[in-house]
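Now for the letters of each chain:
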Amino acid sequence: MDYVSTRGLAPGFGFDDVLLAGLAGDGGLYLPRDWPSFSPAEIRSWRGLSYPELAARVMRPFVAGSVIEADLPRLCAESYAGFAHPAVAPLRQIDSDRWVMELFHGPTLAFKDYALQLVGRLFDAVLARRGARVTIVGATSGDTGSAAIESCRDRAAVDILILHPKGRVSEVQRRQMTTILSGNVRNLAVEGTFDDCQDLVKALFADEAFRDEVHLSAVNSINWARVMAQIVYYFWAGLALGAPDRPVGFSVPTGNFGNVFAGYAARLMGLPIERLVVASNSNDILTRFFESGVMQTTRVVPTLSPSMDIQVSSNFERLMALTVPGGGPAVAELMQNFRRDGTMSLPDSAWQAMRAVFSADRIDDAATLETMRQIKDQTGETLDPHSAIGVAAALRAEGVAGLPLVALATAHPAKFPDAVERATGLRPGLPPHLADLFERPERSEAIGNDAEALKTIVRAFAGRNRP
Ligand SMILES: *Cc1c(COP(=O)(O)O)cnc(C)c1O
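Residues numbered from 1 in each chain as written. Predicted model: local features only at pLDDT ≥ 70, side-chain atom pairs only at ≥ 80, totals over all residues. Heavy atoms only, no water.

## Re the sheet that holds strand S6 (residues 158-165)
Defined as follows: In this description, strands pair whenever DSSP reports at least two bridges between them. Every helix listed is a DSSP run of H or I at least four residues long, and every strand listed is a run of E at least two residues long, numbered separately from the N terminus. Residues are treated as being in contact if the distance between any of their heavy atoms lies within 4.5 Å. Lines fitted to the C-alpha atoms define the axes, with helices restricted to the stretch that makes contact. Angles between their N-to-C directions range from 0 to 180 degrees.
Read across the sheet, 5 strands follow the order S8-S5-S6-S7-S15 without closing on themselves; strand pairing throughout is parallel. Only two strands of the sheet have a single partner each, and these edge strands are strand S8 (216-217) and strand S15 (445-447). As paired strands, strand S5 (residues 134-139) and S8 are joined by 2 bridges and run parallel to one another. Bridge pairing in S8 places Ile136 opposite Ser217. Taken strand by strand, helix H6 (residues 143-152) contacts S5, S6 and strand S7 (185-190), and its axis lies near 165 degrees from that of S6. Lying on the sheet, helix H7 (residues 171-178) is in contact with S6 and S7; it crosses S6 at an angle near 155 degrees.

The following block contains the structure:
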């Protein structure tokens, strides 16, 4: 399988290089040159497979030609073996024709585990074949850091350093990172904000000599392999509800657009998805775009669903590359304008093509809490605030009569106990594998907001395993 950049200027790569590179050399994101597509008969033949078996079938075309191609079934089996529910991604019915897919049974209780558990293993497997190592550095405001650390802990070919803003992540989120005491994991608490953390990481990646010296790498949400692994659960839910013989729809709590784009990819591959609902909180840049055709940034406001408090959805560029006439050069120009002006207007044909599949909605904090309370009362299901936004948008979606609609539950309620207690009066407990989280010893190091000092720390950490 050959991959190309959304901006069309970087050279094409195979899967292994796309995995390790993350961002393309021209600033774009990687996409398959040709999309694999499955026939209804083939999709039908997957009924009854376990989640890891299905994962290997769905992803096989994407890793064709990779050094790990033959290992994919084993890597999938290992990735999902530690999940807390035997179905891995269980579906629960909450209304006639409305379901919730629980994507929070992974080790760190957010849907990011479904991709990152595999991506950590893919990194290790590809690097082992190459006799190489990487140093992963990332910044987190919460969920991504713990999922990345959990996926890379104890992997032989990977060192990982995660920066979080000191005192500005929730206690559960901090402890999920700092209680991992593996030798290849380092937690750095930065005196500053999340934006300061991100700027520090950017400064490291901008220093080409340093990047090469420590073999710097990233597992952020623009990495193609994360999107690829997320395609699987769309097929999983579709098959459970009668696909390919019955169309389905999904409602997706959206921030960076990676998750909902994976749904669009599943549709390109032959899954009959008739509707994708983009569910936003009050940071509604995407909702405003789907209403108007104009993407325009505004200030970010904090909400009860912090993982969706975003200004720019980086994975949206992938959808642009598939719909904007003129391909890579046209996408590159639009993105350049957007970066300069904070606004861009898409060609009408692209906007119309998107609106044939996507609709969008915004759910504010009051409606989020109301949905959490209502669903708890009516069905017994406890939702976290992010998941409630997807459910609220699914319940009031228009033009989908008779279509089974699946809302993705992206975080476990115990990750956001204050909001859950406010909505339902009940404080959710942590699941058994994290029950003693508050007693576990923590390890992290406070650092200043200083890129040169950070380079020294990274250099020493990455060097300790090398001769
Ligand atoms: C990351 C995250 C999201 C947003 O997903 P995107 O792929 O960035 O759109 C939604 N909910 C939770 C709980 C998350 O951690």
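## Considerations on the site of the ligand
As a reminder, the rule being used: By convention in this text, a residue qualifies as near a molecule or strand provided that one of its non-hydrogen atoms is within 4 Å of it. A 3.5 Å cut-off defines polar contacts: any pair of N or O atoms within that distance qualifies, except that in protein one atom must be a possible hydrogen donor and the other a possible acceptor, and neighbouring residues in sequence count only when both atoms are side-chain atoms. Only the protein chains shown count as cover for residues, with accessible areas throughout obtained via the Shrake-Rupley method and a probe of 1.4 Å. Charged means Asp, Glu, Lys or Arg here, nonpolar means Ala, Val, Leu, Ile, Met, Phe, Trp, Tyr, Cys or Pro, and polar covers whatever is left, Gly included.
The environment of the ligand is made up of 15 residues, and the closest members are Lys112, Asp143, Gly255, Asn256 and Thr410. Interatomic distance of 2.7 Å between a backbone N/O atom of Asn256 and an oxygen atom of the ligand. About the coverage of the ligand: the protein hides 96% of its 390 Å² of free accessible area. By residue class, the composition of the shell around the ligand is 5 nonpolar, 8 polar and 2 charged.

## Structural notes on the sheet that holds strand S4 (residues 98-102)
Ordered in space as S3-S4-S14-S9-S10-S13, the 6 strands form an open sheet in which the pairing is mixed. The open sheet is flanked by strand S3 (91-95) and strand S13 (358-362), the only strands paired with a single partner. Neighbouring strand axes in the sheet, compared pairwise and without regard to direction, differ in orientation by 25 degrees on average. Looking at chain direction, strand S9 (residues 248-253) and strand S10 (residues 273-280) are connected through 6 bridges and run parallel. Looking at the pairing, Gly249 lines up with Arg275 of S10.

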